[in-house]
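Chain residues, written in single-letter form:
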Amino acid sequence: MFAAIVLLVLVLGTVVFHLLSPWYFTPIASNWSSMDSTVTLTFIVTGLAFVLVNIFIAYCLIKFRNKPERRAEYEPESIKMESWLTILTTVGIAAMLAPGLLIWKDVVTPPDDSMNLEVLARQWNWSYRLPGEDGKLGAVAVSHTTADNPLGIDPSDPFGQDDIIVYDPVLHLKVDQPVTFLLRSTDVLHNFTVPQFRVKMDFVPGQVSYIWAEPQKEGSYDLLCEELCGVGHYAMRGRVIVDSEEAYASLASRSTHLR
Ligand SMILES: [Cu+2]
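Residues numbered from 1 in each chain as written. Predicted model: local features only at pLDDT ≥ 70, side-chain atom pairs only at ≥ 80, totals over all residues.

Draft legend 1. Examining unusual backbone geometry more closely. Here the amide bond leading from Gln-123 into Trp-124 is cis, since omega sits at 0°, within 30 degrees of zero. Tracing the sequence through the fold places Trp-124 in the loop between β1 (115–122) and β2 (125–130). A positive phi angle, near 65°, is found at Asp-176, a position not held by glycine. Its place among the elements puts Asp-176 in the loop between β4 (170–174) and β5 (179–185). Look at Asp-176 and you get partly exposed, because 14 C-beta atoms sit within 10 Å. The phi angle at Arg-198 is positive, at roughly 70°, despite the residue not being glycine. Along the polypeptide, Arg-198 turns up in the loop between β6 (190–193) and β7 (200–203). (Helix = DSSP H or I, 4+ residues; strand = E, 2+ residues; numbered from the N terminus. Buried ≥ 20, exposed ≤ 12 C-beta atoms within 10 Å, placed from the backbone.)

Draft legend 2. Representation of the packing of helix α2 (residues 33–63) against helix α3 (residues 79–107). Between α2 and α3, the least distance of the axes is 9 Å, while the angle of their chain directions is 170°. Taken together, the axes of α2 and α3 lie roughly antiparallel to each other. Here Ser-34, Met-35, Thr-38, Leu-41, Thr-42, Val-45 and Ala-49 of α2 come into contact with α3, specifically with Gly-92, Ala-95, Met-96, Pro-99, Gly-100 and Ile-103. Considered class by class, the residues forming the contact of α2 with α3 number eight nonpolar, five polar and no charged. (Axes fitted to C-alpha atoms, helices over the stretch in contact; angles between N-to-C directions. Parallel < 35°, antiparallel > 145°, perpendicular 65-115°, else oblique. Contact = placed C-beta atoms within 7 Å. Nonpolar A, V, L, I, M, F, W, Y, C, P; charged D, E, K, R; others polar.)

Draft legend 3. How the structure looks around the nonpolar core. Formed by 27 residues in total, the largest nonpolar core has its most connected members in Val-119 and Phe-181. Among the elements of the structure, β1, β2, β4, β5, β8 (209–213) and β10 (237–243) are those that each provide at least two residues to this core. For Phe-181, the contacting residues outside a window of four places in its chain are Leu-117, Val-119, Phe-192, Tyr-210, Ile-211 and Trp-212. (Core = buried A, V, L, I, M, F, W, Y, C linked by C-beta atoms within 7 Å.)

Geometric descriptors of this kind do not, in isolation, establish any biological role.
Laid out in structure tokens, this is it:
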């Protein structure tokens, strides 16, 4: 009886803590509210399973508690119960996973008006490359990488000649402009995470991975590397500043010297 009461108090405490907890996601600043919906759905499904299973255990502890005259029943199989358990588990898991598949399709399909922007991760800092006036990023290759050309821009590609390179952890973005981040690493695995954008992706040396988001709220956000990438990992911090259209335009006109 005592164990059953402790169990029920723990369940109640856990649910109340979850509902009243001040530790939750930072306010969202991008188009990915669907991510928050899937997390909420997962909490509902797993929360229901957690509460029901524990109430059932507490019920069994009381109902089948030890009595001198009681004998255990031997029932190795119950087709009816197993069928119900299989159906309920299937419905619960499908409810959690199916929306994720639809949202993943959106994650891997950047919109047509999305701006390509390159992020270069290195132990342990960030650089960025934005398309110049031609609106296109030039070709890059590891074979062109030198101390003077750390991004490996191909000198023979005209599209690359006006690219804007930012050797600074601060990246400016325009509000309501979808951006596809092309992710390159020159050394080890890193990860691109702006918690307020709700999407994250690994950098894999030797390939270009990508992620897209539409920043919808002006502000200044931390850019984190969320892949343990060496002793300086903790210091691999960047900053993404989402500007209004006017602020971004005046910044762009000033940043031509960065070319
Ligand atoms: Cu890193």
